[in-house]
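# Coordinate inspection notes
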Amino acid sequence: MIELEDVPELRDPILIAAFEGWNDAGEAATAVIAHLVDVWNAEPIAALDPEEYYDFQVNRPRVVTEDSQRRIIWPTTRILLARNTAFDRDVVLIEGIEPSTRWRSFTIELLEYAEQLGVTTFVTLGALLADVPHTRPIPVTATSDDDDVVHRFDAEASKYEGPTGIVGVLADAATRTGLTSLSCWAAVPHYAGGTPSPKATLGLLGKLESLFNISIPLADLPETARAWERGVNELADSDDEVREYVHDLEEATDTADLPEASGDAIAREFERYLRRRGDERPPTG
């Protein structure tokens, strides 16, 4: 169980969570949490007991050497706190692995901890493989099961039906407990989903910036995303079938985006971008 004795007093905290596994194509969602931990100097404040939720033959512990000492690191879910953020509120970050078992207990434990911390907004992040081209902006959607949240954040109503992961379970449970619950998903090109996808990570960070009208330091992520795109370009150019397939996806995407690409819509989005980034120059490529 999570230790709750020393819960800090927080400022209207928002919680952002992502998990390795089925919900994390191209490692895009968990890379967002890692990035936020780094740029916001988040500190760990708690962890779940891995014995309760993980099959160690599926998610094996690792041996590491630190300060000339060897030790075991067990797979788990950690809770970190960031107080020096772009928000005027504290941020609780959850990074972990999709549990192997006892999902309902896992969900209850995390939500009870969120309640102890005073969390009011619960954001889950995910990434899925999709028929999208790597040469266009990564599609990122924000959804909610709560009509008020949909209208407040200009999100989409959740319409998905089918198998779900721990991200879907947590988002549903957060809504049912009365939290402001949002889920953001990036679509990763399925032909390039076998490696980390920094462009999808960048897309998820951009969605967080847009939803909450904040600016998040991006460090070298834009350049890493451009390098990833160049690498996938080389892969596509080396195979005629892949190159033709990407071209077809580009045409389908461009056609679908035409109704949204009015001058006014582009101008409004660019103004929002400049307000978030301040004096920073927007990334190119």
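Our subject is the structure listed above.
The sections below set out a description of the structure shown in this document. (Residues numbered from 1 in each chain as written. Predicted model: local features only at pLDDT ≥ 70, side-chain atom pairs only at ≥ 80, totals over all residues. Heavy atoms only, no water.)

## Things to note about the layout of surface pockets
Counted as a void, the second largest pocket has a volume near 710 Å³. As for the second largest pocket, its lining consists of 27 residues, and the residues nearest its centre are T143, Y160, T164, S183 and W185. For the lining of the second largest pocket, the secondary-structure elements that each account for two or more residues are β7 (121–130), β8 (140–144), β9 (156–157), α4 (166–176) and β10 (180–189). When residues of the lining of the second largest pocket are assigned to their parent elements, the largest contribution, 5 residues, is made by α4. Each residue belonging to the lining of the second largest pocket can be placed in one class, and the counts come to 12 nonpolar, 11 polar and 4 charged. (1 Å grid on protein atoms, 1.4 Å probe; cavity = no way out; pocket = protein on both sides within 12 Å on 5 of 7 lines; lining within 4 Å. Points joined across faces, edges and corners; volume = space filled by probe spheres on them. Helix = DSSP H or I, 4+ residues; strand = E, 2+ residues; numbered from the N terminus. Nonpolar A, V, L, I, M, F, W, Y, C, P; charged D, E, K, R; others polar.)

## Structural notes on the nonpolar core
Of all hydrophobic cores here, the largest spans 42 residues; its most connected members are I16, L36, L93, V123, L125, L208 and F212. Looking at which element gives the most residues to this core, the answer is helix α5 (residues 198–212), with 7 residues. Non-local contacts of L208, meaning those with residues more than four positions away in its chain, are made with I16, V32, L36, V123, L125, N213, I214 and I216. Residues L111, A114, V119 and I166 belong to the second largest nonpolar core, which totals 28 residues. (Core = buried A, V, L, I, M, F, W, Y, C linked by side-chain atoms within 4.5 Å. Buried < 20%, exposed > 50% of the residue type's maximum accessible area, 1.4 Å probe, protein only. Contact = heavy atoms within 4.5 Å.)

## Side note on the packing of aromatic side chains
With the rule as written, the count across this model stands at 7 aromatic pairs. Considering the side-chain rings of W40 and F87, the 6.0 Å spacing of their centres and the 75° angle between planes classify their relative orientation as edge-to-face. Of the two residues, W40 sits in the loop between α1 (28–39) and β2 (43–47) while F87 sits in the loop between β5 (78–82) and β6 (91–97), which places them 47 residues apart along the sequence. There is no split in this pair, since W40 and F87 are both buried. Between F87 and F212, the aromatic rings sit 5.4 Å apart at their centres with planes inclined by 70°, giving edge-to-face as the arrangement. Taken together, the residues F87 in the loop between β5 and β6 and F212 in helix α5 connect sequence positions 125 residues apart. A relative accessible area of 10% places F87 in the buried class. The class of F212 is buried, set by a relative accessible area of 15%. (Phe/Tyr/Trp six-rings, centres within 6.5 Å; stacked < 30°, edge-to-face > 60°.)

## Considerations on the environment of V246
Along the chain, the position of V246 falls in helix α7 (residues 240–257). The exposure class of V246 is buried, given its relative accessible area of 5%. Considering only alpha carbons, one finds V246 and P133, 113 residues apart in sequence, at a separation of 5.8 Å. Look past the residues within four positions of V246 in its chain and what remains in contact with it is P133, H134, Y191 and A236.

## Section: the environment of I73
Looking at the secondary structure, you find I73 in strand β4 (residues 69–73). A residue is classified by how much of its surface remains accessible, and I73, at 25% relative accessible area, is partly exposed. Separated by 10 residues in the primary sequence, I73 and V63 have C-alpha atoms spaced 6.3 Å apart. Other than its neighbours up to four places away in sequence, I73 contacts P61, R62 and V64.

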